[in-house]
Amino acid sequence: MDDVLYEKYFGDLKFTHGVERVRYFGSLEEQSCNAGWGRDGDAILELMQATYTIPENGSAITPSKSTSALRLVGILGNSGSMPLSMSAECFTQLVESCKFPKEFAQSIFANNGSFARFVEYDEFQGLDVPTSLSVVVQTPYSPVSNLSLVIRVDIAERSAKACVLNYNTSEINALWDRLQVRQGMVQKNPLLLLSIVFEEFGYASELFREQLDREVARIERASGHTSLSFRPSAWNTEYEALTRDLHACSTDLIFMEHVTEFERTWGAFCKDTLSVLETLRLERGLQGLSKRETVQTAQCMDYHLNLSQMRKTQALALQKRVQLQINVLYSLISQRDSKVNLLLVKAAKRDSTAMKTISILTLVFLPGAFIASIFSAGIFDLQGSAVNISRMWWAYFVVAGCLTLVTVALWFWYMRWRSAEDRREENALQKGGERELPQI
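Predicted model only: the values in this text are computed from it and were never measured. The residue numbering used here restarts from 1 in each chain and proceeds along that chain's sequence as written. Local features in this predicted model are restricted to residues of pLDDT 70 or higher, and side-chain atom pairs are both shown and tallied only at a pLDDT of 80 or more, whereas totals for entire chains, interfaces and linings draw on every residue. Hydrogen atoms and water are omitted, and side-chain values are computed over all heavy atoms in the structure.

S.K.: Honestly, helix H1 (residues 3-12) in this entry has me stumped. Any pointers?
M.R.: Along an α-helix, residues three or four positions apart point the same way, because every turn accommodates 3.6 residues. Any residue under 20% of the maximum accessible area for its type is buried, any over 50% is exposed, and the rest in between are partly exposed; the area is computed with a 1.4 Å probe on protein chains only. Runs of H or I in DSSP of at least four residues are treated as helices and runs of E of at least two as strands, each being numbered from the N terminus. Taken residue by residue, H1 has Tyr6, Tyr9 and Phe10 as its buried positions. Considered in projection along H1, the buried side chains sweep an arc of 100° and stay on one side of the axis. Seen from the open side of H1, the exposed residues pointing more than 90 degrees away from its buried face are Val4 and Gly11. Among the structural elements, helix H3 (88-97) and helix H4 (103-107) are those in contact with the buried residues of H1. Picture the helix axis, draw a direction to every C-beta atom, and the arc is the one those directions span. Contacts are assigned to residue pairs that have any heavy atoms within 4.5 Å of one another.

Right, dumping it as structure tokens:
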């Protein structure tokens, strides 16, 4: 990576401006050095820069030339909304003094996940000799975990310096607990940190899978259409809430599928990287790990790879179960709507029958009502023996006709206005929907 790109990614990182909060682990340090979180980044930086050796007589560890030691610093934060819990100056000195590869800054922003290894060579007696092996890992963005790891191993001395970034305090604490338990193994092979981080990520992935499994089982019980919880579906079922939960589960399962696929490829990468380190040591004529340690490490990696494969299989099964419940739910909603529509049709039929009866009665009495209205208007005088017709008889029909025409005209004007209003509202909705669509 060139310096311009490195400065760009490094400049995008956010750092704390208050109290620093970092944690240190050293495979050669006493328990007190690995006790908990500290607030002095400079002190942690001094521990990372110091070198140690184990005297042959078994006396206390003294600063000197490093040998078979892992030094790790944990920092809260990520590339997103949470700034790193270390000052920019200390973090810069940490990266430069430990000679971490520049790709580490870029990998922090790799939301899709990334991992890579880099071998550095120096010229010795006209030959290119491998001197260090660096590994960079960034897990994909997901609800499972979000961590960044960089580790640089000195091939000759089998010593390593590493840094892990994670916004979750409990996950860093769990990683430190695992390192404390395997401190002896890490002392012999510091690159086992890569395998331990992989195991911790797998544990977080398993917790997330169990959570999704319980959620899918809850939705299946709510819908009542499984062999374990079959019951007739009630009309008052909260279909809207179930639909929302099902789509949330479907989204999380997509995350889960991506995470498990990344986990499997990452596990194979870890196993291969451990072998690469031993190959590089043998290339330099150095002693490798014993057969027992090599087999033990390989068996442990194979076990966790199998767990990862089973998680992927279970995630695919959960996806099918969720899709089945979505189909069942839409079928139930269609059945409910059909029943509601049937009731509406029956109610409309009853109303139609009533209106038909009223219309028939109106037609029966309408001629009589019309004749009665004419006779009561004073046009005809029926009191004498002869029928007298008023000279203004035509006024009744003129006024009635004019009022009828005015009523029809007002009705026609209202219908035209209502149609125009409906068209304007429809056009406004269409334009508003187009504005809300994302630009491609």
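More follows now that the structure is in view.
S.K.: When you look at the packing of helix H7 (residues 192-223) against helix H9 (residues 291-375) in this model, what are you seeing that I'm missing?
M.R.: Helix-helix packing: each pair is described by the crossing angle between the helix axes and the interaxial distance. For helices, the fitted axis covers only the stretch in contact; all axes are lines through C-alpha atoms, and the angles between them, taken along N-to-C directions, range from 0 to 180 degrees. Packing of H7 against H9 leaves a shortest axis separation of 10 Å and a crossing angle of 25°. Considering the angle they form, H7 stands roughly parallel to H9. H7 and H9 meet at a crossing whose hand is left-handed. Grouping the constituent residues of the contact of H7 with H9 by class yields 11 nonpolar, eight polar and seven charged. Our angle categories are set so that under 35 degrees counts as roughly parallel, over 145 as roughly antiparallel, 65 to 115 as roughly perpendicular, and the remainder as oblique. By definition, any crossing whose near helix is turned counterclockwise from its far helix by less than a right angle is left-handed, and any crossing with a clockwise turn is right-handed. Residues were grouped as follows: Ala, Val, Leu, Ile, Met, Phe, Trp, Tyr, Cys and Pro as nonpolar; Asp, Glu, Lys and Arg as charged; and all remaining residues, including Gly, as polar.

S.K.: Help me understand the packing of helix H8 (residues 239-283) against H9 in this model?
M.R.: Interhelical geometry of H8 versus H9 gives an angle of 160° and a closest axis separation of 9 Å. Regarding the angle of H8 to H9, the classification is roughly antiparallel. Taken as a pair, H8 and H9 cross one another with a handedness that is left-handed. Classifying every residue of the contact of H8 with H9 by side-chain character gives 22 nonpolar, 10 polar and nine charged.

S.K.: Where do I start with the pattern of salt bridges in this structure?
M.R.: Close approach of charged atoms lets side chains of opposite charge pair. When a carboxyl oxygen of Asp or Glu lies within 4 Å of a side-chain nitrogen of Lys or Arg, that pair is called a salt bridge. In this structure the tally under the stated criterion is 22 salt bridges. Between Glu206 and Arg209 there is a salt bridge; the shortest N-O distance is 2.8 Å. Of this pair, Glu206 and Arg209 both sit in helix H7, three residues apart, which is roughly one turn of that helix. A salt bridge links Asp337 to Arg336, with the shortest nitrogen-to-oxygen separation between them at 3.7 Å. Its relative accessible area of 26% is what places Arg336 among the partly exposed residues.

S.K.: Honestly, the environment of Ala69 in this entry has me stumped. Any pointers?
M.R.: Turning to its location among the elements, Ala69 is positioned in the loop between strand S4 (62-63) and strand S5 (70-76). Through-space distance from the C-alpha of Ala69 to that of Gly26 is 7.2 Å; in sequence the pair is 43 residues apart.

S.K.: Mind showing me how you'd approach the nonpolar core here?
M.R.: Generally speaking, a soluble globular protein has its nonpolar side chains buried in company with each other. Only buried residues count toward a nonpolar core. Its members are Ala, Val, Leu, Ile, Met, Phe, Trp, Tyr and Cys residues joined through side-chain atoms within 4.5 Å. Judged by nonpolar contacts, the single largest core of 58 residues is most densely connected at Leu179, Leu193 and Trp266. Broken down by secondary-structure element, the contributors of at least two residues to this core are S5, strand S7 (127-138), strand S8 (147-154), strand S9 (159-166), helix H5 (169-181), H7, H8 and H9. Ignoring sequence-local partners within four residues, the contact set of Trp266 consists of Phe115, Val137, Thr139, Leu194, Val197, Phe198 and Phe201. Leu45, Ile75, Leu94 and Cys98 belong to the second largest nonpolar core, which has 27 residues in total.

S.K.: What am I meant to see in unusual backbone geometry here?
M.R.: Note: most residues except glycine have negative phi, and most peptide bonds are trans. Even without being a glycine, Lys99 presents a positive backbone phi close to 60°. With respect to the element layout, Lys99 can be found in the loop between H3 and H4.

S.K.: I keep staring at the environment of Ile172 and nothing clicks. Help me out?
M.R.: As for its placement among the helices and strands, Ile172 is situated in helix H5. Linking Ile172 and Glu200, residues 28 residues apart in sequence, is a C-alpha distance of 9.4 Å. The residues touching Ile172, leaving out its near neighbours within four places in the chain, are Trp37, Ile75, Leu76 and Asn166.

S.K.: How should I be thinking about the packing of aromatic side chains in this particular structure?
M.R.: For any pair of aromatic rings, geometry is given as the distance between the ring centres together with the angle between the planes. Stacked, edge-to-face and tilted labels apply to pairs of Phe, Tyr and Trp rings (six-membered ring for Trp) whose centres lie within 6.5 Å, assigned for plane angles under 30 degrees, over 60, and everything in between, in that order. Here the structure, examined in full by the defined rule, presents 11 aromatic pairs. Between Phe15 and Phe91 the ring centres are 5.6 Å apart and the planes differ by 50°, which places this aromatic pair in the tilted class. With Phe15 in the loop between H1 and strand S1 (22-26) and Phe91 in helix H3, this pair connects stretches of sequence that are 76 residues apart. With respect to burial, Phe15 and Phe91 carry one shared label: buried.

S.K.: How should I be thinking about a nonpolar patch on the surface in this particular structure?
M.R.: Patches in this entry comprise residues that are over 30% relatively accessible and not in a salt bridge; like charges within 9 Å are linked, as are nonpolar side chains (Val, Leu, Ile, Met, Phe, Trp, Tyr) within 5 Å. Here the Shrake-Rupley method, with its probe set to 1.4 Å, supplies the accessible areas, and only the displayed protein chains count as covering residues. A cluster of nonpolar side chains, namely Val387, Ile389, Met392, Trp393, Trp394, Phe397 and Val398, defines an oily patch on the protein surface of about 730 Å² accessible area. The element best represented in the nonpolar patch is helix H10 (residues 393-436), accounting for four residues.

S.K.: Honestly, H7 in this entry has me stumped. Any pointers?
M.R.: Its 32 residues place the ends of H7 47 Å apart at the C-alpha level, agreeing with the 46 Å of an ideal helix rising 1.5 Å per residue. Looking one or two residues past H7, Gly224 carries a phi angle of roughly 70°, positive in sign. Multiplying 1.5 Å by the residue count of a helix minus one yields the expected span of that helix.

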